[in-house]
Amino acid sequence: MPAPLTTNIFIADPSAHSWNGRIYVYPSHDRENNIGFNDRGDQYDMVDYHVLSMDRVGGEVIDHGVVLKLEDIPWASKQLWAPDAAKGADGKYYLYFPARNKKGIFQIGVAVGDKPEGPFTPEPEPIPGSFSIDPAAFVDEDGSAYLYFGGIWGGQLQCYSKPEGGEFNAALDGPNEPSGPGVPALHCRVAKLNPDMRTFSETVREVHIVDEKGDLLLADDHDRRFFEAPWVHKYKDTYYFSYSTGDTHYICYATSKSPYGPFTYRGRILEPVLGWTTHHSIVEHEGKWYLFYHDCELSKGVDHLRSAKAVEIFYDEEGNIKPAQV
Ligand code: FUB
């Protein structure tokens, strides 16, 4: 089994990027607390972010320390959940992160740094039009940047009636996703970013996942439907959308010829790990592909005390990702 990237701090939700010959990892920073487990995820009560880097998987891991603190984010009240980062055409680095605003509603913020290892200075307001959790940035070969985001239950995606958000229904916060025969699953969201990397250039739209017949995955299909933790990468000329199924604890993936989808379900990358959540990223570094993920082995199963790990993954000739061996 791969070793934790850190043993002195608990980290989760590792978003990895290969920049300037190094792998940079943007994780959540878990901490101990007395908040009991609930389905809104209140126990994931994080207050800052660290950045890690390494020259290769298995090499020395450098912890660059605290790069952004909750107290420095004017609009946020609590719960710095899963972040990601992107490199802008201006050479700056953008850290995207979810947090509850002062009304307790999750939105997505952005903080700017001159170096991939930070520090990062937050914008005073969340990204206009952003909502829910788990931002994942994808910069295509033509320089177009997209922000994928969303998560159900504690991530509040089910509280919104429109693809672009609209009214927030607080009564649906928690495990209140739609269900029943023929009811489509809730969808991840995506919007293209402006060149400023801080605002959306278009209306937020849904990321559809369909089965082999082209039908939308259904809400009751808990083994395959999107729950949280979106990630997009490109392999050859295909876009791979991977995500967590949440309460069934799989990392699955689907593929498309467009970054907007629809994405056709392809299979599982990672079986359930120890701990309730599962969250990952996929990165190419020096010609090899890696899955970064987390589990609760080090904390002996404490759901909100997680450790990030990395393992090499492989594609077959048809571009299928072989299940990760962890
Ligand atoms: O780390 C807090 C939350 O747990 C993340 O935002 C989710 O993806 C899950 O991993």
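No experiment lies behind these values; they were computed from the predicted model shown.

Reading the values: rules and limits
- Residues numbered from 1 in each chain as written.
- Predicted model: local features only at pLDDT ≥ 70, side-chain atom pairs only at ≥ 80, totals over all residues.
- Heavy atoms only, no water.
- Near = heavy atom within 4 Å.
- Polar contact = N/O pair within 3.5 Å; in protein donor to acceptor, adjacent residues only side chain to side chain.
- Areas by Shrake-Rupley, 256 points an atom, 1.4 Å probe, with all protein chains shown as cover.
- 1 Å grid on protein atoms, 1.4 Å probe; cavity = no way out; pocket = protein on both sides within 12 Å on 5 of 7 lines; lining within 4 Å.
- Sits in = over half its atoms within 2 Å of the grid points.
- Nonpolar A, V, L, I, M, F, W, Y, C, P; charged D, E, K, R; others polar.
- Salt bridge = Lys/Arg side-chain N within 4 Å of Asp/Glu carboxyl O.
- Helix = DSSP H or I, 4+ residues; strand = E, 2+ residues; numbered from the N terminus.
- Buried < 20%, exposed > 50% of the residue type's maximum accessible area, 1.4 Å probe, protein only.
- Phe/Tyr/Trp six-rings, centres within 6.5 Å; stacked < 30°, edge-to-face > 60°.
- Points joined across faces, edges and corners; volume = space filled by probe spheres on them.
- Core = buried A, V, L, I, M, F, W, Y, C linked by side-chain atoms within 4.5 Å.
- Contact = heavy atoms within 4.5 Å.

A. Region of interest: the site of the ligand. In the region of the ligand, the neighbouring residues are Asp 13, Ser 28, Met 46, Trp 81, Ala 82, Asp 134, Glu 228, Thr 277, His 279, His 294 and Arg 306. Taking Asp 134, its side chain carries an N or O atom lying 2.5 Å from an oxygen atom of the ligand. Considered on its own, the ligand offers 270 Å² of accessible surface; in the complex 98% of this is hidden by protein. Judged by the fraction of its atoms near the pocket grid, the ligand is located in the largest cavity. Its residues placed into classes, the shell around the ligand shows 3 nonpolar, 4 polar and 4 charged.

B. Representation of the pattern of salt bridges in the model. Under the criterion given, the structure shown has 19 salt bridges. Between Lys 234 and Asp 140 there is a salt bridge, with its nearest N and O atoms 3.0 Å apart. Highlighted residues: Lys 234 in strand E17 (residues 228–235) and Asp 140 in the loop between strand E10 (136–139) and strand E11 (145–149), separated in sequence by 94 residues. In this structure, the salt-bridge partner of Lys 309 is Asp 295, at a minimum N-O distance of 2.9 Å. You can see Lys 309 sitting in strand E23 (residues 307–313) and its partner Asp 295 sitting in strand E22 (residues 288–295), a full 14 residues away along the chain. Residues Lys 309 and Asp 295 agree in their burial class; the two are buried.

C. Region of the structure containing the packing of aromatic side chains. Summed over all chains, the structure comprises 28 aromatic pairs. Look at Phe 131 and Tyr 160: their rings are 4.6 Å apart centre to centre, the planes differ by 45 degrees, and that puts the pair in the tilted class. Taken as a pair, Phe 131 in the loop between strand E9 (121–122) and E10 and Tyr 160 in strand E12 (residues 160–162) lie far apart in primary sequence, 29 residues in all. Accessibility classification places Phe 131 together with Tyr 160 in one group, the buried group. Ring centres of Phe 226 and Phe 241 lie 6.1 Å apart, and the angle between their planes is 40 degrees; this geometry places the pair in the tilted category. Within this pair, whereas Phe 226 is found in the loop between strand E16 (209–210) and E17, its partner Phe 241 is found in strand E18 (residues 238–244), the two being separated by 15 residues in sequence. For Phe 226, a relative accessible area of 3% puts it in the buried group. On the basis of relative accessible area, Phe 241 is assigned to the buried category, the value being 0%. Each residue in the set Phe 131, Phe 149, Tyr 160, Phe 168 and Phe 200 is aromatic and connected to the rest through ring pairs, giving one cluster.

D. Highlighting empty space enclosed by the protein. Under the criterion given, the structure shown has 3 cavities of 30 Å³ or more. Of the pockets and cavities examined, the largest cavity occupies roughly 270 Å³. In terms of lining residues, the largest cavity is bounded by 25 residues, among which Gly 41, Tyr 44, Trp 81, Glu 228 and Thr 277 are the most central. Here the second largest cavity defines a volume of roughly 50 Å³.

E. Structural context of the nonpolar core. The biggest cluster of nonpolar side chains holds 62 residues, and the ones touching the most others in it are Tyr 96, Tyr 148, Phe 241 and Leu 291. By residue number, the principal contributor to this core is E11, which donates 5 residues. The contact partners of Tyr 96, leaving out residues within four places of it in the chain, are Pro 83, Asp 84, Ala 85, Ala 86, Gly 109, Val 110, Ile 127, Pro 135, Ala 137, Leu 147, Leu 193 and Met 197. Membership of the second largest hydrophobic core comes to 24 residues, among which are Ala 76, Leu 80, Trp 81 and Tyr 93.

Limitation: the analysis is restricted to geometry and does not speak to function.
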